[in-house]
Amino acid sequence: MAVSFTVNGQARVVDLPPEMPLLWVLREGLDLTGTKFGCGIASCGACTVHLDGAAVRSCQVTLAEVAGASVVTVEGLGQGALHAVQEAWIAAQVAQCGYCQSGQIMQAAALLAENPAPTGDEIDAAMEGNLCRCGTYPRIRAAVQDAAKRLSEV
Amino acid sequence: MGTVMKIARRGFLFGSVAILGGVAFGWWKFATPYGNPVAGGLNPYVMIDGTGVTIIAPRAEMGQGVHTTLAALVAEEMDLTLEQVRVIHGPASAAYYNSAVLGEGVPFAPTDTGWLAEAVRGAMEVPAKFLGLQITGGSSSVPDAFDKMRLAGAAARSALVQAAAGRLGVPVGELRTEGGFVIAPDGTRLGYVDLAEAAAGVTLESEPVLKDRAEWTLLGKSQPRVDAVAKSTGAAVYTADLRLPGMLYATVRTNPRLGGAVKGYDASVAEGMAGVVKVVPVDGGAAVIARTTWQAMQAAGAIAFDWGDAPYPATSAELGAVLAASFTEERRDSVNRDDGDVDRALVGDVFEVAYSVPYLAHATMEPMTAAALLKDGALTVWAGHQLPTQILVEGAALTGLPAEAVTVNTMLMGGGFGRRAEMDVIRQVIALAKAVEGQPVLLTWSREEDMTHDGYRPAALARVRAKLDGGKIAAFDFATCSSSVVESQAGRLGYSVPGPDGAIVQGAWEQPYRFAHHRVTGYRAPAMVPVGSWRSVGASQNAFFHESAVDELAHLAGVDPVAFRLGQIDHGPSRKVIEAVAEMSDWGTRRAGRAKGIAFCMSFGVPVAEVIEVEETAAGLRMTGAWAAADVGIALDPGNIEAQVSGAMVYGLSAAIRGEITFADGMAEQSTFWDFEPLRMPQCPPIAVRVLEGLERIRGIGEPGLPPAAPALANAIFALTGQRIRELPLGKAVGFA
């Protein structure tokens, strides 16, 4: 069954099983590999994307459920340029292995879209579902705060 | 330059060679038993072609920043910036053997720089060379590369300058280099790209001269990582992201009783499922090859397996009982330290305690992944791997092809921590490539497969007996027991390693404490659950045992834990990291409702001291601060070192608080991040790191930040609550917020 939805601003039609998780549709149907598989059960956050503006775990959303919706992945976050969150990530040199960072960045961007000036505790709470095994949490915290500042200065 | 002479005497000649479309610079090794990774016998670290300068950093990037630091070694000597170079891992080749990793296996403490210790370290380079091990591990990449890669860069620069001198008719001494150009006194600029071909024919007039440290512009300063942009935009390509024309996707299920047989399986349902191409037997189980990874995973769940029993005791209680029964004379593996007369000194009022730690999974963020293509008599493997040369060996053995027909592409790793030195996923993907010859296949493990099929950090026990005298430790008898990582891991590669396993006592025997009577004994438990190298290896458990005991003794003696340690350590750099962390953490000041704990460990030659502060809250204990000081000898990239120490602390604290793999019915009971849960952001304290440069030798930093984390936290909990926890994870005894 072909399903139509928007990915990173482009209309896409995908003919894959409707129950296939969005994660795998993005990665193997559309070759958008920036969204990562970490656990498949929403415990790590590596697969976080924006679905109609909200951060979701793409391993828990089926293709059928995104029909007509707008999906943004890390590849489309900055719309051809670097998003302020990505600029802050690069400035803070957050990434080590980097595998979780797409999900971290998408989660942080969703937080800042909703709450432009989060407190430290609000950042911690919003980012709690995103694991990092390299232990980059302190730099993530600093980068989210820096991104908030960058966004407020635009 | 003493270094140049020392290395040159060992048989290195610098040179260059024309290769397809460009020129490679590096060094020649005469009498080398190895073929050449690129062309003409040259072992290259620099390649220049029409597109610019490429630096080969032959160590795998698993997050530790090694590509950036290794590239900076070459770029520094070539007067290039990191923005001007491309960095690649390069081919799997024995020519890129790692001499430093075996140098750390010698039975001399890293603080021992006497002639005998140095001579034996030097001799150990010989077997490393003949084994041809291209290893990323043991915090060895930087010590191994520090001279080699700077010399390669200096040699390339010399050849380019000499080529320019010939072209311009200007003496070499009057030319300088900057930003990829050789510049003449009259301002004429010749680009490296234009000079490369001529430089290929140059015979160096003299040995390349390394820059003095005062001349460094990249080294010693924090550099932007070469992978930072790609890893912030989704563009970085890990093995899982490889996409090739006609690619098939696969996953495996193997016996969760590790090493147990498969008595049979019924794949009839799986074979009929949408997208399934075929079900293929692999060692210990079966794989599903499908059109998508998700379909492969769905189908794998529909295979009914009849698993055989585990070849080891089936429960944690039974495994623990074997460990506890292994403190015997016949299981004694090493006594690397035996100062004074411990048995005579330990009489009367003796302190006696026991500690234990559980098995741990690596749990890299990217589950095990590998891709392979067998086509037209050639095998290509794509994997983020810590032992690429071993893949050449396995590839040839499993396909019957000559090793020259095997190519390994080393990819970025979504975390390594020692897990990606194993061959399980490599062997499986080669079996799959044989089953669908002509088509590329990408194998991805499920998280559950990954968590339940590891070479785990071994469970371990320690028994410590000690005696205080005059506020100091007069006698210290440290005995520890675990299965052997070296035996288990090398055994899986088909090697057997004679002699004691230094990893069993790593992080204990070589500590710079000076106790009058001091013995460290390692006991080797039988091989049971497969165990492997887990970030910082033996030091990960021994620092907890050792530094918990030292802390207990400090409190027993009524001496401040920082002063107690300083009173018994005379190694200068070790004292300095303890003093630094005490100052950073404002050790002497205690805030209401909070307390701090300290721990020290020298591992991989790097002294590290850490302090952790905890607070009692209504929801449980909360870490409110963490401080670390580490001495690496020469800090090539302070920002990256800070990131490594800080990250290693978080990895260690994750394990300390919640990390535990337990066994029931022969199977790991934890299978995903819900039940083997690392620290999450709200639990992570602010972390401050100070990098010192007091050691005589340069050291690597991927691992040494980890060992002191668990004991520093346990010691802080004691300082706050009076509760001494001698068993990890701490979360079994106390609640955390």
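Residues numbered from 1 in each chain as written. Chains lettered and ligands numbered in written order. Predicted model: local features only at pLDDT ≥ 70, side-chain atom pairs only at ≥ 80, totals over all residues. Heavy atoms only, no water.

Chain B carries the name Isoquinoline 1-oxidoreductase in an unreviewed UniProt entry, which gives Paragemmobacter aquarius as its organism.

Per an unreviewed UniProt entry, chain A carries the name Isoquinoline 1-oxidoreductase and comes from Paragemmobacter aquarius.

## What about the sheet that holds strand β19 (residues 441–444) of chain B?
All names here are of chain B. Strands sit in the order β11-β12-β9-β19-β16-β17-β18 across an open sheet of 7 strands; the sheet is mixed. At either margin of the open sheet sits one strand with a lone partner, and together these are β11 (276–282) and β18 (406–410). In this sheet, neighbouring strand axes are inclined to one another by 20 degrees on average, regardless of whether the strands run parallel or antiparallel. Here 6 bridges tie β11 to strand β12 (residues 285–290), and the two strands are oriented antiparallel to one another. For Val276, the partnering residue across the bridge sits in β12 and is Ala290. Of the strands in this sheet, β9 (248–254), β11, β12 and β19 are in contact with helix α9 (residues 293–300), which crosses β9 at around 25 degrees. Relative to β18, helix α12 (residues 388–399) is tilted by about 145 degrees, and along the sheet it contacts β16 (369–375), β17 (378–383) and β18. (Pairing = 2+ DSSP bridges. Helix = DSSP H or I, 4+ residues; strand = E, 2+ residues; numbered from the N terminus. Axes fitted to C-alpha atoms, helices over the stretch in contact; angles between N-to-C directions. Contact = heavy atoms within 4.5 Å.)

## A look at α9(B)
The element α9(B) is largely enclosed, with a buried count of 7 among its 8 residues. Of the positions making up α9(B), those classed as buried are Thr293(B), Trp294(B), Gln295(B), Ala296(B), Met297(B), Ala299(B) and Ala300(B). (Buried < 20%, exposed > 50% of the residue type's maximum accessible area, 1.4 Å probe, protein only.)

## Topic: the packing of aromatic side chains
Residues and elements named next belong to chain B. The tally for this structure, following the rule as stated, stands at 18 aromatic pairs over all chains. With a centroid separation of 5.4 Å and 20 degrees between ring planes, the pair formed by Tyr513 and Phe515 is classed as stacked. Overall, the relative accessible area of 1% leaves Tyr513 in the buried class. One aromatic cluster in this structure is built from Phe476, Phe478, Tyr513, Phe515 and Phe600. If you follow Arg189 out to its NZ or CZ, it ends over the ring of Phe181, 4.5 Å from the centre. Over the ring of Phe718 we find Arg724; its NZ or CZ atom is 4.3 Å from the centre of that ring. (Phe/Tyr/Trp six-rings, centres within 6.5 Å; stacked < 30°, edge-to-face > 60°. Lys NZ or Arg CZ within 6 Å of the ring centre and 35° of its normal.)

## So, the interface of chain A and chain B
Where the parts come together, the accessible area they lose is often given as the size of the interface. Each partner contributes residues to the interface: chain A has 49 residues there, and chain B has 61 residues. Taking both sides of the interface into account, the surface hidden between chain A and chain B amounts to around 4500 Å²; carbon and sulfur atoms contribute 61%. Our count for the contact surface shared by chain A and chain B stands at 4 salt bridges. Our count for the chain A to chain B interface comes out at 26 residue pairs in polar contact (both at pLDDT 80 or more). Broken down by secondary-structure element, the contributors of at least two residues to the side of chain A that touches chain B are α1 (22–29), α2 (84–91), α3 (101–114), α4 (120–127) and α5 (137–153) of chain A. With 5 residues, α5(A) is the single largest residue contributor to the side of chain A that touches chain B. Tallied by class, residues from the side of chain A that touches chain B come to 25 nonpolar, 13 polar and 11 charged. (Buried area = accessible area lost by both parts, 1.4 Å probe. Salt bridge = Lys/Arg side-chain N within 4 Å of Asp/Glu carboxyl O. Polar contact = N/O pair within 3.5 Å; in protein donor to acceptor, adjacent residues only side chain to side chain. Nonpolar A, V, L, I, M, F, W, Y, C, P; charged D, E, K, R; others polar.)

## Remarks on the sheet that holds strand β24 (residues 606–617) of chain B
All names here are of chain B. Spatial ordering of the open sheet is given by β23-β24-β25-β28, a layout of 4 strands whose pairing is mixed. The two strands at the open ends of the sheet, each matched to only one other strand, are β23 (594–603) and β28 (687–692). Across the sheet, the axes of successive neighbouring strands diverge by a mean angle of 15 degrees, strand direction being ignored. As paired elements, β24 and strand β25 (residues 620–631) share 10 bridges and run antiparallel to each other. Its bridge partner lying in β25, Glu610 is registered against Ala628.

## Details of the UniProt feature "domain: Aldehyde oxidase/xanthine dehydrogenase a/b hammerhead" (unreviewed entry) in chain B
In this structure's numbering, the residues bearing the UniProt feature "domain: Aldehyde oxidase/xanthine dehydrogenase a/b hammerhead" (unreviewed entry) are residues 233–311 of chain B. For residues 233–311 of chain B, the end-to-end C-alpha separation is 45 Å, with 16% helix and 37% strand making up the annotated structure. (UniProt positions renumbered as here; feature names shortened; annotations may be inferred.)

## Considering the pairing of β23(B)
All names here are of chain B. Along β23, 10 of the 10 residues are buried, which leaves the element largely enclosed by surrounding structure. Side chains of β23 alternate between two faces, with Arg594, Lys596, Ile598, Phe600 and Met602 and Ala595, Gly597, Ala599, Cys601 and Ser603 buried alike. Connecting the antiparallel pair β23 and β24 is a turn made up of 2 residues, with Phe604 showing a positive phi of about 55 degrees.

## Points about the pairing of β18(B)
Residue and element names in this part refer to chain B. In β18, alternate side chains face the same way, and those of Val406, Val408 and Thr410 are buried while those of Thr407 and Asn409 on the opposite face are not. Pairing of β17 with β18 involves 5 bridges; the strand directions are parallel. By the bridge assignment, Leu379 is partnered in β18 with Val406.

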